[in-house]
Amino acid sequence: MLIKEKITIRQFAVLTFLVMVGDMILLYPSVVTASGQQDAWICSLIGQPIGLLIIWVLYKLHQTHPDLSLIEICQKILGRWAGSVLSAAYLFYFAIGAAICIREVGDFMTTQIYLQTPIRVILIILMCALVWGLMHGFHTIGSSSELLTPIVVAFMILLFLGLMPKVNSSHLQPYLNTPWLHLIHSIIRGAFTSFGELIVITMVLPYVMSGPHIKRDMLLATLCGGLLLTTLLLISLMIFGPFLTQHDIYISYTLSQKINIGNFFERIEAFMATAWLIATYFKSLLYMFSFVVGTAQLFRLKTYKPLILPSAMLLFALAVLISPNVIFYTNTIMPAWVDWDITVSFIIPLFLLLVHRLRSGKNKNNSTNNKRLPT
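Residues numbered from 1 in each chain as written. Predicted model: local features only at pLDDT ≥ 70, side-chain atom pairs only at ≥ 80, totals over all residues. Heavy atoms only, no water.

Visitor: I'd like a rundown of the overall build of the protein, residues and numbers included.
Guide: Within the protein, the secondary structure is distributed over 13 helices and two strands. Over its C-alpha atoms the protein spans a radius of gyration of 22 Å, differing by no more than 12% from the 21 Å that the globule rule assigns to 375 residues. Buried residues in the protein amount to 55% of all 375 residues. Of the contacts made within the protein by residues no fewer than 6 positions apart, 83% connect residues no fewer than 24 positions apart. Taking the average place of the 24 positive charges on the side chains of the protein and the average place of its 15 negative ones, the gap between the two points comes to 15 Å. (Helix = DSSP H or I, 4+ residues; strand = E, 2+ residues; numbered from the N terminus. Rg over C-alpha atoms; globule rule 2.2 N^0.38 Å. Buried < 20%, exposed > 50% of the residue type's maximum accessible area, 1.4 Å probe, protein only. Contact = heavy atoms within 4.5 Å. Lys, Arg positive; Asp, Glu negative; His and termini not counted. Charge placed at Lys NZ, Arg CZ, Asp CG, Glu CD.)

Visitor: Lay out the pattern of salt bridges with the relevant residues and their values.
Guide: Applying the stated criterion across every chain, the model contains five salt bridges. Across the pair Glu146 and Arg10 runs a salt bridge whose closest N-O atoms are separated by 2.5 Å. With Glu146 in helix α7 (residues 138–163) and Arg10 in helix α1 (residues 9–21), this residue pair connects regions lying 136 residues apart in the sequence. Taken together, the shared-partner salt bridges in this structure form one network comprising Asp23, Glu197 and Lys283. (Salt bridge = Lys/Arg side-chain N within 4 Å of Asp/Glu carboxyl O.)

Visitor: Kindly report on empty space enclosed by the protein, identifying the contributing residues and their values.
Guide: For the coordinates displayed, the defined rule picks out one cavity of 30 Å³ or more. Residue lining of the largest cavity: 13 residues in total, with Asp23, Ile100, Glu197, Tyr329 and Trp337 positioned closest to the centre. For the lining of the largest cavity, the secondary structure elements donating two or more residues are α5 (80–113), α11 (269–298) and α13 (326–372). Here the lining of the largest cavity is built from residues that sort into eight nonpolar, one polar and four charged. (1 Å grid on protein atoms, 1.4 Å probe; cavity = no way out; pocket = protein on both sides within 12 Å on 5 of 7 lines; lining within 4 Å. Points joined across faces, edges and corners; volume = space filled by probe spheres on them. Nonpolar A, V, L, I, M, F, W, Y, C, P; charged D, E, K, R; others polar.)

Visitor: Before we move on, can you summarise the nonpolar core with the specific residues and values?
Guide: Counting residues in hydrophobic clusters, the biggest one holds 130 residues, and the most contacted among them are Phe12, Ile25, Tyr90, Phe94, Phe138, Met156 and Met288. Beyond its immediate chain neighbours, meaning those up to four positions away, Tyr90 contacts Leu70, Ile71, Cys74, Ile199, Val344, Ile348 and Pro349. (Core = buried A, V, L, I, M, F, W, Y, C linked by side-chain atoms within 4.5 Å.)

Visitor: Outline the packing of aromatic side chains, listing residues and values.
Guide: Between two aromatic rings, the relevant description is the distance of the centres plus the angle of the planes. Tallied over the full model, the rule gives 17 aromatic pairs. For the pair Tyr93 and Tyr287, a centre-to-centre distance of 6.1 Å together with 55° between the ring planes defines the contact as tilted. In this pair, Tyr93 sits in helix α5 while Tyr287 sits in helix α11, placing the two residues 194 residues apart along the sequence. Note on Tyr287: relative accessible area 1%, which makes it buried. Between the aromatic rings of Phe108 and Tyr250, the centroid separation amounts to 5.2 Å while the plane-to-plane angle is 80°, which identifies the pairing as edge-to-face. Of this pair, Phe108 sits in helix α5 while Tyr250 sits in the loop between α9 (214–247) and α10 (251–257), placing them 142 residues apart in sequence. For Phe108, a relative accessible area of 0% gives the class buried. (Phe/Tyr/Trp six-rings, centres within 6.5 Å; stacked < 30°, edge-to-face > 60°.)

Visitor: Give a detailed account of unusual backbone geometry, specifying residues and quantitative values.
Guide: Along the chain, Gln173 connects to Pro174 via a cis peptide bond; the corresponding omega equals -5°. Phi is positive for Leu176, which is not a glycine, with a value near 50°. Among the structural elements, Leu176 can be located in the loop between α7 and α8 (180–192). Residues other than glycine seldom take positive phi values, yet Arg300 does so here, at roughly 55°. Note that Arg300 resides in the loop between α11 and α12 (308–321). Exposure remark for Arg300: the relative accessible area of 58% places this residue in the exposed category.

Visitor: Can you explain the layout of surface pockets? Please cite residues and give values.
Guide: Volume-wise, the largest pocket comes out at about 310 Å³. Lining the largest pocket we find 14 residues, and of these Ser30, Ala34, Gln246, Thr330 and Asn331 sit closest to its centre. Within the residue set of the lining of the largest pocket, elements represented by two or more residues are α2 (24–36), α9 and α13. Here the lining of the largest pocket gets six residues from one element, more than from any other, and that element is α13. Residues belonging to the lining of the largest pocket are distributed by class as follows: eight nonpolar, five polar and one charged.

Visitor: Describe the environment of Val204, and please don't skip the residues or the numbers.
Guide: Tracing the sequence through the fold places Val204 in the loop between α8 and α9. Between the C-alpha atoms of Val204 and Phe92, which are 112 residues apart in sequence, the distance is 17 Å. Contact partners of Val204, with chain neighbours within four places excluded, come to Ile7, Phe12, Phe138, Leu286 and Phe289.

Visitor: Please provide a residue-by-residue account of the side chain of Thr149, values included.
Guide: Among the structural elements, Thr149 can be located in helix α7. A relative accessible area of 8% means that Thr149 is categorised as buried. Engagement of the side chain of Thr149 in a polar contact is seen with the backbone oxygen of Ser145, the distance being 2.6 Å. Residues in contact with Thr149, not counting those within four places in the same chain, are Val14, Phe17 and Leu18. (Polar contact = N/O pair within 3.5 Å; in protein donor to acceptor, adjacent residues only side chain to side chain.)

Visitor: Could you give me a rundown of α7, with the residues and numbers involved?
Guide: Between its terminal C-alpha atoms α7 stretches 37 Å, which fits the 38 Å expected from 26 residues at 1.5 Å a residue. Of all the bends in α7, the greatest reaches close to 30° and is centred on Leu147; the proline Pro150 follows between one and four positions later. Among the residues making up α7, those that are buried are Phe138, Ile141, Gly142, Ser145, Thr149, Val152, Phe155, Met156, Leu159, Phe160, Gly162 and Leu163. (Expected span 1.5 Å × (residues − 1). Bend = angle between axes of the 7 residues up to and from the residue.)

Visitor: With reference to specific residues and values, describe the packing of α2 against helix α3 (residues 40–64).
Guide: Packed helices, taken two at a time, are described by the angle between their axes plus the distance between the axes. One way to put it is that α2 packs onto α3 with a least axis distance of 8 Å and a crossing angle of 110°. Here α2 lies roughly perpendicular to α3, going by the angle between them. Between α2, through Tyr28, Val32, Thr33 and Gly36, and α3, the contact on the second element is made entirely by Ala40, Ser44 and Gln48. Split by residue class, the contact of α2 with α3 holds three nonpolar, four polar and no charged. (Axes fitted to C-alpha atoms, helices over the stretch in contact; angles between N-to-C directions. Parallel < 35°, antiparallel > 145°, perpendicular 65-115°, else oblique.)

Purely geometric numbers; function is a separate question.
As structure tokens, then:
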């Protein structure tokens, strides 16, 4: 096995939660509200069971070969050549996913906080942190996520409690007034933009200590992440309404600026930015980890660490080139990204499961027939 060290089930659940919320803390409300309007919160709730189905499919795919990662499973099920082509496609997806998360950090920091700082400076600082994390190994990633996740949860709870005096349920009316096609589109976007990106956990599962509750903890972590995003969306709709929620890219950051309790407890947007940066950092880290380790597995290398620095330079270049500005990202990349998530996290895993089932059934029939042949 390429990686000897393993993380605990609790650390894995924490990492799953962080990948689930990640950059979605800022982007999820506007993504779902774009089609669902004032009914977006209903679409988000309906999308939770669909999201759990996606995670169940990914776990079933992992169970076909529990000691192998997604890259190795593709080659095991489809054969060396076809599996290598599909593995390369997944590596491209991981690279683009990491580059987008990195670029999101740069866009957010340079448009909301460090207005005069060049975006490349922010990207270089983040890349240094990502390289540091990968260099120290997978166990360090799991331990640090376990340490920092309570900060994310505490700041999100603080945000929700601080906004309670400002909610207005009239912004949710009229109920179910959105066309059905738009509702279906919103449900799909809500399910796959958050749950769909968890395909990355199939690269982590082989390095989790075995235990009886790994499936339960994984589903609970994703469900908690989905409910947190739904709550954030609901509060955003009740405070700003569907129009501002749809058109404000960083709506949760704007929400934190609205908190003012007794002219004393206010201006906590730095807390919100900290929570988002922590979650997005670990999401970027896992995508970069999947790309680096997957590349090493595809080319059958003995170690992945020599690939870290070249991969970091590649991802830095991709982050700079992938989008000229944040408007291009939201209007062009995000709609196409939903279709990509559907393909890589649901359609292809189902196809792999089908091929595995057919090949297993064929091998079982052949072995049965061989036993029946007279000696």
